[in-house]
Amino acid sequence: MATAAPAAELLAATDELGVAVLPLLDADRLAVPEIAALAGHPSAMLVVITASASLDTIAARIAAVRRAKGTLLIGMAVDGTRPPPAGVEGSDFLAVMLPAGGLPHDTWRSPPARPLVAWRQEADVAAPRAACDALRRDLALWRIASGGDTRAWDWAGYLVG
């Protein structure tokens, strides 16, 4: 479940149920107290920082919370329809945002410097498993169409919704 700044009650319930939560935090909320609170919940394994600030600002904020995050992975949302951004430092992964039915810019085919999570933003996902399977299929075909070595790397994860 992806949600903006989940409340402590929601995290406690998802911990109990064993449901993974993907907190979406604005760069302004990336501070030690917020990250430390999220790191205490096993349901929160990944955090995605929205790119509402400059890449340098986000990198500095990630560095400032590094000790508080424990095993929590912090990633940054980037526009997958554009070439990969330069200078993305400090994040554990990139969430490559794609529009409904969209594919990444051709320059994303090169092996990445850090794990990439493909996230296709669908407005209404009635069948999430089928939508995720479609994303995985589309990305596999996209890689094969490049004519390059399709085994060079693979996506670290897939999200829809």
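Just so we're clear, the structure is a prediction, and the values are computed from it rather than from any experiment.

## Some words on the overall build of the chain
Tallying secondary structure elements over the chain gives 4 helices and 7 strands in all. Secondary structure elements of the chain, listed N to C terminal, follow the sequence β-α-β-α-β-α-β-β-β-α-β. For the chain, whose C-alpha radius of gyration is 16 Å, the value lies close to the compact-globule estimate of 15 Å for 161 residues. Considering only C-alpha atoms, the chain reaches an extent of 45 × 35 × 25 Å along its principal axes. Looking at the chain as a whole, 35% of its 161 residues qualify as buried. Of the contacts formed within the chain by residues at least 6 apart in sequence, a portion of 56% connects residues at least 24 apart.

## Overview of the environment of R114
Topologically, R114 is positioned in the loop between β5 (93-99) and β6 (116-121). For the pair R114 and L103, spaced 11 residues apart in sequence, the C-alpha to C-alpha distance is 19 Å.

## Observations regarding the sheet that holds strand β1 (residues 2-4)
If you trace the 7 strands from one edge of the open sheet to the other, you get β1-β2-β3-β4-β5-β6-β7, paired in parallel fashion. Of all the strands in the sheet, just β1 and β7 (157-160) have a single pairing partner and so form its edges. If you compare each strand with its neighbour and ignore which way they point, the axes differ by 30° on average. In this sheet, strand β3 (residues 46-50) lies alongside strand β2 (residues 22-26) in parallel orientation, the contact comprising 3 bridges. The residue bridging L25 from the neighbouring strand is I49, located in β3.

## Quick word on the pairing of strand β4 (residues 73-79)
Of all 7 residues in β4, 5 are buried, a share of seventy percent or more. Sheet topology places β3 next to β4; 4 bridges connect them, and they run parallel. Among the inter-strand pairings, L46 is bridged to a residue of β4, identified as L73. Across 5 bridges, the pairing between β4 and β5 is parallel. Within the sheet, the bridge partner assigned to V78 lies in β5 and is V96.

Cut-offs applied
Residues numbered from 1 in each chain as written. Predicted model: local features only at pLDDT ≥ 70, side-chain atom pairs only at ≥ 80, totals over all residues. Heavy atoms only, no water. Helix = DSSP H or I, 4+ residues; strand = E, 2+ residues; numbered from the N terminus. Rg over C-alpha atoms; globule rule 2.2 N^0.38 Å. Buried < 20%, exposed > 50% of the residue type's maximum accessible area, 1.4 Å probe, protein only. Contact = heavy atoms within 4.5 Å. Pairing = 2+ DSSP bridges. Axes fitted to C-alpha atoms, helices over the stretch in contact; angles between N-to-C directions.

These figures come from the coordinates and say nothing about function on their own.
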